[in-house]
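One-letter residues, chain by chain:
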Amino acid sequence: MGMLQEFKEFAIKGNVVDLAVGVIIGGAFGKIVDSVVGDLIMPLVGAVVGKLDFSNLFLVLGSVPPGTGTTLDALKKAGVPVFAYGSFITVAVNFAILAFIIFLMIKQINRLKKEAPAPVAEPAPVVTPEDVLLLREIRDSLKK
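Given the structure is predicted, the values throughout are model-derived calculations rather than measurements.

I'd like a rundown of the overall build of the chain, residues and numbers included.
Secondary structure assignment for the chain yields five helices and two strands. Taken from the N to the C terminus, the helices and strands of the chain come in the order α-α-β-α-β-α-α. Taking 144 residues into account, the globule formula puts the C-alpha radius of gyration at 15 Å, and the chain, at 34 Å, lies well above it. Once the C-alpha set of the chain is aligned to its principal axes, its extents read approximately 120 × 55 × 25 Å.

How would you summarise helix H4 (residues 85–113) if you had to cite specific residues and measurements?
The end-to-end C-alpha separation of H4 is 41 Å, in line with the 42 Å expected for 29 residues at 1.5 Å each. Gly86, Asn94 and Ile97 are the residues of H4 that are buried.

Run through the packing of aromatic side chains, naming residues and quoting values.
Following the criterion strictly, the structure yields one aromatic pair and no others. With centroids separated by 6.3 Å and ring planes inclined at 35 degrees, the aromatic side chains of Phe83 and Tyr85 adopt a geometry described as tilted.

Can you explain the nonpolar core? Please cite residues and give values.
Counting six residues, the largest nonpolar core consists of Val33, Val37, Met42, Phe54, Leu57 and Ile97. Broken down by element, this core gets its largest block of residues, three residues, from helix H2 (residues 14–49). Non-local contacts of Val33, meaning those with residues more than four positions away in its chain, are made with Asn94, Ile97, Leu98 and Ile101. Of all hydrophobic cores here, the second largest spans five residues; its members include Phe58, Leu72, Leu75 and Val80.

Help me get a handle on the environment of Gln108, residues and values and all.
As for its position among the elements, Gln108 is in helix H4. On the basis of relative accessibility, which here comes to 36%, the residue Gln108 falls in the partly exposed class.

Summarise the pattern of salt bridges; cite the residues concerned and give the values.
Considering all chains together, one arrives at one salt bridge under this definition. Put simply, Arg139 and Asp140 hold a salt bridge, and the shortest N to O gap is 3.4 Å. Its relative accessible area of 35% is what places Asp140 among the partly exposed residues.

I'd love a proper account of a nonpolar patch on the surface, names of residues and values included.
There is a patch of nonpolar side chains on the surface, built from Val17, Val21 and Ile25 and spanning about 260 Å² of accessible area. Within the element layout of this structure, Val21 appears in helix H2. Looking at Val21, the relative accessible area reads 44%, which means it is partly exposed.

Describe the confidence of the model for the chain, naming the residues involved and giving the relevant values.
Here the chain shows a mean pLDDT of 81. Residues at 70 or above account for 92%. Taken element by element, the predicted model of the chain shows its lowest mean pLDDT in helix H1 (residues 2–12) (77) and its highest in strand E2 (residues 82–83) (90).

Basis of the calculations
- Residues numbered from 1 in each chain as written.
- Predicted model: local features only at pLDDT ≥ 70, side-chain atom pairs only at ≥ 80, totals over all residues.
- Heavy atoms only, no water.
- Helix = DSSP H or I, 4+ residues; strand = E, 2+ residues; numbered from the N terminus.
- Rg over C-alpha atoms; globule rule 2.2 N^0.38 Å.
- Expected span 1.5 Å × (residues − 1).
- Buried < 20%, exposed > 50% of the residue type's maximum accessible area, 1.4 Å probe, protein only.
- Phe/Tyr/Trp six-rings, centres within 6.5 Å; stacked < 30°, edge-to-face > 60°.
- Core = buried A, V, L, I, M, F, W, Y, C linked by side-chain atoms within 4.5 Å.
- Contact = heavy atoms within 4.5 Å.
- Salt bridge = Lys/Arg side-chain N within 4 Å of Asp/Glu carboxyl O.
- Patch = residues over 30% accessible without salt bridge, like charges linked within 9 Å, V, L, I, M, F, W, Y side chains within 5 Å.
- Areas by Shrake-Rupley, 256 points an atom, 1.4 Å probe, with all protein chains shown as cover.
- pLDDT = per-residue confidence, 0-100.

As C-alpha cells, this is what we get:
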C-alpha cells in the first residue's frame with residue numbers, strides 16, 4: 001500500500017499534471033505544425049524550386065523487382081532499400097518551424113512573467129537607540 005500512496009502523491013503534484021498537459025498540447029501542436037509544413041510551406045517551396053515534391057525525393061539503394069512502381073511508397077512496400085532524403089528535408093523544415101514557434105512562445109511567456117519593478121520605498125527613518133539618546137541628554141546637560 002505504501003508504493004501506491006507514494007505514486008498518488010507523485011501524480012497529484014502540480015509539476016506532473018503540468019507536464020502531462022504540456023505533452024498532450026505538444027502532441028496536438030505537433031500535428032498542426034506537420035499540416036502547416038506538409039500542406040502549406042513545402043508545396044510553396046516546391047513551386048519556387050521547380051514543382052518538386054520533397055516527399056518523393058529518394059535514391060534507390062537496391063535492385064528493384066520487375067513490375068514495382070517507381071514511387072517511394074511502392075518501393076518501400078516492395079522492400080527495396082531507399083535513401084529518402086526528401087522526407088528528411090520535410091521533417092527538418094518541420095522541426096525548424098516548430099522550434100521557432102516554441103522559441104517565440106517562450107520569449108512571450110518570459111516577457112509576460114517579468115514584473116514591473118516595484119517602486120523603491122523610501123527608507124524608514126533610522127531609530128536612534130535609547131542609550132545614545134541618554135548619552136546625548138547627558139552631554140547637552142553638561143554643556144549648560
